[in-house]
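Descriptive structure summary
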Protein chains: 2
Amino acid sequence: MKAKRISLALAVPFAVASVVRAQDPLPSWNETASKKTIIEFVQRVTKEGAPDFVRPEERIATFDNDGTLWAEQPIYFQVLFMRDRVKALLPQHPEWRHREPFASLLRDDIKAVAKMREGVPKLMAATHSGIITDEFTQTVMNWVSTAKHPTTGRPFIEMVYQPMIELLTYLRANGFKTFIVSGGGIDFMRTWVERAYGIPPEQVVGSSGKLRFELRDGKPVLLKLPEMDFVDNYAGKAIGIQKFIGRRPILAFGNSDGDQQMLEWTAAGSGTRFMALVHHDDAEREWAYDRNSSVGRLDKAWDEAVAKGWIVVSMKDDWKTIFPTTGIKQ
Amino acid sequence: MKAKRISLALAVPFAVASVVRAQDPLPSWNETASKKTIIEFVQRVTKEGAPDFVRPEERIATFDNDGTLWAEQPIYFQVLFMRDRVKALLPQHPEWRHREPFASLLRDDIKAVAKMREGVPKLMAATHSGIITDEFTQTVMNWVSTAKHPTTGRPFIEMVYQPMIELLTYLRANGFKTFIVSGGGIDFMRTWVERAYGIPPEQVVGSSGKLRFELRDGKPVLLKLPEMDFVDNYAGKAIGIQKFIGRRPILAFGNSDGDQQMLEWTAAGSGTRFMALVHHDDAEREWAYDRNSSVGRLDKAWDEAVAKGWIVVSMKDDWKTIFPTTGIKQ
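Below, the structure is looked at part by part. Residue indices follow the written sequence of each chain, beginning from 1 at its first position. Chains and ligands are labelled sequentially in the order written, the chains with letters from A and the ligands with numbers from 1. In keeping with the predicted nature of the model, local features appear solely for residues at pLDDT of at least 70, side-chain atom pairs appear and are counted solely at 80 or more, and the whole-chain, interface and lining totals rest on all residues. Note that water and hydrogens are dropped before the side-chain values are worked out from all heavy atoms of the structure.

Glancing now at the pairing of strand β5 (residues 219–230) of chain B. In the case of a regular strand, side chains alternate between the two sheet surfaces. All names here are of chain B. Summarising the sheet, strand β2 (residues 131–132) and β5 pair through two bridges and their orientation is antiparallel. By the bridge assignment, I132 is partnered in β5 with L223. Note on pairing: DSSP must find at least two bridges between two strands before they are called paired. The secondary structure listing takes helices from DSSP runs of H or I that are at least 4 residues long and strands from runs of E that are at least 2 residues long, numbered from the N terminus. The hairpin turn running from strand β4 (residues 204–216) into β5, its antiparallel successor, is two residues long, and D217 in that turn takes a positive phi close to 50°.

Attention now goes to the relation of the copies chain B and chain A. The copies were overlaid with a least-squares fit restricted to C-alpha atoms from residues scoring a pLDDT of at least 70 in each copy. Relative to chain A, chain B is turned by 180° and slid 0.0 Å along the rotation axis, the superposed coordinates differing by an RMSD of 0.0 Å. Here the transformation between the copies is reduced to the relation of a two-fold axis. When each C-alpha of chain B is compared by its distance to the rotation axis, F244(B) comes out closest, at 3.2 Å. Interface residue correspondence from chain B to chain A reaches 100%, placing this contact among same-surface, isologous pairings. Note on contacts: a residue pair qualifies if any of its non-hydrogen atoms lie within 4.5 Å across the two residues.

Here we come to the side chain of N174(B). Residues and elements named next belong to chain B. By the element assignment, N174 lies in the loop between α8 (162–173) and β3 (177–185). For every residue, the accessible area obtained with a 1.4 Å probe (protein chains only) is divided by the maximum for its type, and the residue is called buried under 20%, exposed over 50%, and partly exposed between those limits. Overall, the relative accessible area of 0% leaves N174 in the buried class. A polar atom in the side chain of N174 sits 2.9 Å from the backbone oxygen of Y170. By the criterion applied in these results, polar contacts are pairs of N or O atoms within 3.5 Å in which, for protein atoms, one can donate a hydrogen and the other can accept it, and in which residues neighboring in sequence qualify only through two side-chain atoms.

Attention now goes to the interface of chain B and chain A. Counting from both sides, the interface comprises 48 residues of chain B and, opposite them, 49 residues of chain A. In this description, buried area is defined as the sum, over both parts, of the accessible area (probe of 1.4 Å) that is lost when the two are combined. Approximately 4100 Å² of surface area, both sides summed, lies buried where chain B meets chain A, with 57% of it carried by carbon and sulfur atoms. Ranking the residues of chain B by area buried against chain A places E202(B), F213(B) and K243(B) at the top, with a combined share of 16%. We count a salt bridge whenever a side-chain nitrogen from Lys or Arg sits within 4 Å of a carboxyl oxygen from Asp or Glu. Our count for the contact surface shared by chain B and chain A stands at ten salt bridges. Residue K243(A) is joined to D229(B) by a salt bridge in which the shortest nitrogen-to-oxygen separation is 2.4 Å. Applying the counting criterion to the chain B and chain A interface returns 24 residue pairs in polar contact (both at pLDDT 80 or more). Side-chain classes follow a simple rule in which Ala, Val, Leu, Ile, Met, Phe, Trp, Tyr, Cys and Pro form the nonpolar group, Asp, Glu, Lys and Arg form the charged group, and the remainder, Gly included, forms the polar group. Looking at the side of chain B that touches chain A residue by residue, the class counts come to 23 nonpolar, seven polar and 18 charged.

Whether two aromatic rings pair depends on their centres lying within 6.5 Å, for rings of Phe, Tyr and Trp, where Trp uses its six-membered ring; planes under 30 degrees apart make the pair stacked, over 60 edge-to-face, and the rest tilted. Evaluated as defined, the whole model comprises 39 aromatic pairs over all chains. Joined through ring pairs, the aromatic side chains of W70(A), F77(A), F81(A), F136(A), W143(A), F156(A), F188(A), W192(A) and Y197(A) make up one cluster. The ring of F136(B) carries the charged tip of K224(B) above its face, separated from the ring centre by 4.6 Å. When the NZ atom of lysine or the CZ atom of arginine is within 6 Å of a ring's centre and also within 35 degrees of its normal, the charge is said to sit over that ring.

This brings us to α8(B). Residues and elements named next belong to chain B. For α8, with twelve residues, the first-to-last C-alpha span of 17 Å sits near the 16 Å given by 1.5 Å per residue. Among all positions in α8, only P163, M164, I165, E166, L167, L168, Y170, L171, R172 and A173 are buried. Positive phi shows up at G175, right after α8, with a value of about 85°. Expected span of a helix, by definition, is 1.5 Å for each gap between consecutive residues, and there is one gap fewer than residues.

Position of E202(A) relative to the elements: it lies in the loop between α10 (193–197) and β4 (204–216). Given a relative accessible area of 9%, E202(A) falls into the buried group. Residues E202(A) and S270(A), spaced 68 residues apart in sequence, show a C-alpha to C-alpha distance of 26 Å. Once you skip the residues sitting within four places of it in the chain, E202(A) turns out to touch F179(A), I60(B), K177(B), F179(B), F244(B), I245(B) and R247(B). A distance of 2.9 Å separates a polar atom in the side chain of E202(A) from a polar atom in the side chain of K177(B).

Strand order in this open sheet of eight strands is β2-β5-β4-β3-β1-β6-β7-β8 (chain B), and the pairing throughout is mixed. Of all the strands in the sheet, just β2 and β8 (311–314) of chain B have a single pairing partner and so form its edges. The axes are straight lines fitted to the C-alpha atoms, using for helices just the contacting stretch, and the angles between their N-to-C directions are given from 0 to 180°. On the sheet, helix α12 (residues 260–267) of chain A packs against β4 and β5 of chain B and is oriented at approximately 110° with respect to β5(B). Relative to strand β7 (residues 274–279) of chain B, helix α13 (residues 300–308) of chain B is tilted by about 130°, and along the sheet it contacts β7 and β8 of chain B.

Right, dumping it as structure tokens:
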């Protein structure tokens, strides 16, 4: 029975893979070393009988979200969602006009918020709690489809990176299971990542607040509480992988120092591994920032990538296009 | 691209389903109302165009483990693993001979341990910490394949319920994603549930301790700490489903009061739902226990099941066989 299930599971990905391969699986990637390394890695781990072959069950690929799968400037988009929530909730909280980080956010001074050490966690607690999970999901769904990015004017769901969507599709076509492992809020991401990336909610690892089970008129609800439960960033990403997935990835992709331990944890497994960082070096088509940025700082992880030979993807040189030209299905 | 992926994903489960159906998908179930209700539910939610149709992505099924997928008498098997760990670690902890719950456990007085309010958590902290995750996995793998059940003499991995394995297989063949949602330790279960049930580690929700990321000689490890991180039982099961899966199940199966909130949370979703409890009423072939048992107590959840028309499976009447006759592949 087991052997039968595996062979069926293999049959579909390989069928899709051969179609995709014939057409170039990564058309938005330039013909540079990054693309070549990705394709060679996938071929090595999927070739049955080869020394680097990895069973489909073990083909776990983890991706950071902010700055890796979608943009993160001028600040993490979830903070812009928080700003809109703060504005909507202001009538019940007039004191926010004179209290930080709310006051700066209400003045749209997001740079000030980004620099406050406890700015984002305080906003998270205030705007992501006191609401039941079903209502929160509805609020995020409405926002992500209607709110627009402040400089590009695109809906946020169209601020995703086309080359990375192609990579996710290519990996899944080759039997990989793709996961998000992000510092972003897990309930926030789960509402839209399936539509944007084809990643189902149960394959999302993120930061989360505590929940309380309550019966309201005999009906169970889960109330979001202001206390943090888990911070999925830095060492938290390696811990999050163990907690939520329980298998070590063979491929990990990030873009900032918050991804360093995820890449280290991935690299420390046996056999062939793939670790990569997106470097934001394209001020013309996207943004250029790295060692001194308060959002998506890339400093220590970059040094480690260079020292260890991990891939550093240059958006400028390696990506033919950045954002999708056709809209994401709303 | 998306539509294509979905139709391919559907093609395989339906192909398998038609083969399985032709042969009776649940041969270890007697022809009683329980079996009929299961099959009718699966047919209703998988028939495209029908009012109760559920997209494959939403076909989430959650199962308790102890007492639902494998046996749990004379005590949860993980406690017997703890006993063997306590014996192995005793040279480093001679004080355990005179301290509870260790002393009772060392005398094999597991009934006394089961009755101690903090007995199991104390054992868990002592035996599941101070070890890195990779080593812990190895220890559990060795144990589950070699240790024998105290009364049946079977390896623990063969104390699984054949009718439930058939049900898991039948659901997956019909496009369901099967999850474990158990009070048991997540790292403990993840080592063997794929072999026993075909459920991969990333589809296991369980109780867990905190972890610490450390570099040892430059190599990252995750150290298991004695502090509990999450208790996946009672209301914790509804919370665990939201935390780890992020989608509400359409089918949930348990056997004790610890599963009550999981079933309530499942029942509270819209559309057709399936909630069931295994009732241990077969003293001859397994064990008979319910309202007054210290292990797997079934009292309040039973009353709610009767009141709400959830299925109560009688092991005695509904199951043709209990344990697999052929061994699980070691």
